[in-house]
Amino acid sequence: FDDNQIGTGSYQAMNICILAKYGNGGTIGDVPTTKCEGSTLRGRIASQVHWYGNCRKGNSREKNCCSNAELLQSGFDWNKFSKGNSCKGDSDTDRVLGKIQCEFGGSSSGGSSGSYAAGSWPTGWCHAPSADCTKLGVKDNM
């Protein structure tokens, strides 16, 4: 995930929380709050290719390529987001997301699922054969 636009209340942080809770293409029940936030592993992990998330929040023109443009809707496909630092995609590498804190606060039906703290996160390159990565459900570096 991009190391930019990951702070408190960013759509990218909220969208990563949606992805973590509902999986790719999931049906979203509870919505994340603006208390969702992420931080990077600056200096503790090699730079990697990442999904593009360094666009302005609310930039509907980039909603199909940037993970920070709009809040995800049910049935979303995370794989549609570009990799690198533009909608066209490129080979940009960055220090990537290292921690995500999620909070969900209600749904259209009025329910609430509370908040979620960060769990274990793999360091270094995460390959599917790694037991830590497999436990997290990682199937690929991207």
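That block above? That's the structure.
Residues numbered from 1 in each chain as written. Predicted model: local features only at pLDDT ≥ 70, side-chain atom pairs only at ≥ 80, totals over all residues. Heavy atoms only, no water.

Colleague: An account of the state of the cysteines is requested, with residue identities and associated values reported.
Modeller: Summed over the entire model, instances satisfying the criterion amount to 3 disulfides. No disulfide involves Cys36; its sulfur sits 3.7 Å from that of Cys17, the nearest cysteine. By relative accessible area, Cys36 is classed as buried at 0%. (Disulfide = S-S within 2.5 Å. Buried < 20%, exposed > 50% of the residue type's maximum accessible area, 1.4 Å probe, protein only.)

Colleague: Go over the nonpolar core with me, naming the residues and quoting the values.
Modeller: Counting 19 residues, the largest nonpolar core has Phe1, Ile16, Leu72, Phe76, Trp78 and Ile100 as its most contacted members. For this core, the secondary structure elements donating two or more residues are α1 (11-22) and β5 (97-107). The biggest single contributor to this core is α1, with 6 residues. Setting aside anything within four residues of it in sequence, one finds Leu72 in contact with Asn15, Ile18, Ile28, Trp78 and Phe81. (Core = buried A, V, L, I, M, F, W, Y, C linked by side-chain atoms within 4.5 Å. Helix = DSSP H or I, 4+ residues; strand = E, 2+ residues; numbered from the N terminus. Contact = heavy atoms within 4.5 Å.)

Colleague: Residue-level account of the side chain of Thr33, with values.
Modeller: Residue position: Thr33 is located in the loop between β1 (30-32) and β2 (37-40). Thr33 sits in the buried class, given a relative accessible area of 17%. Non-local contacts of Thr33, meaning those with residues more than four positions away in its chain, are made with Met14, Glu103, Phe104 and Gly105.

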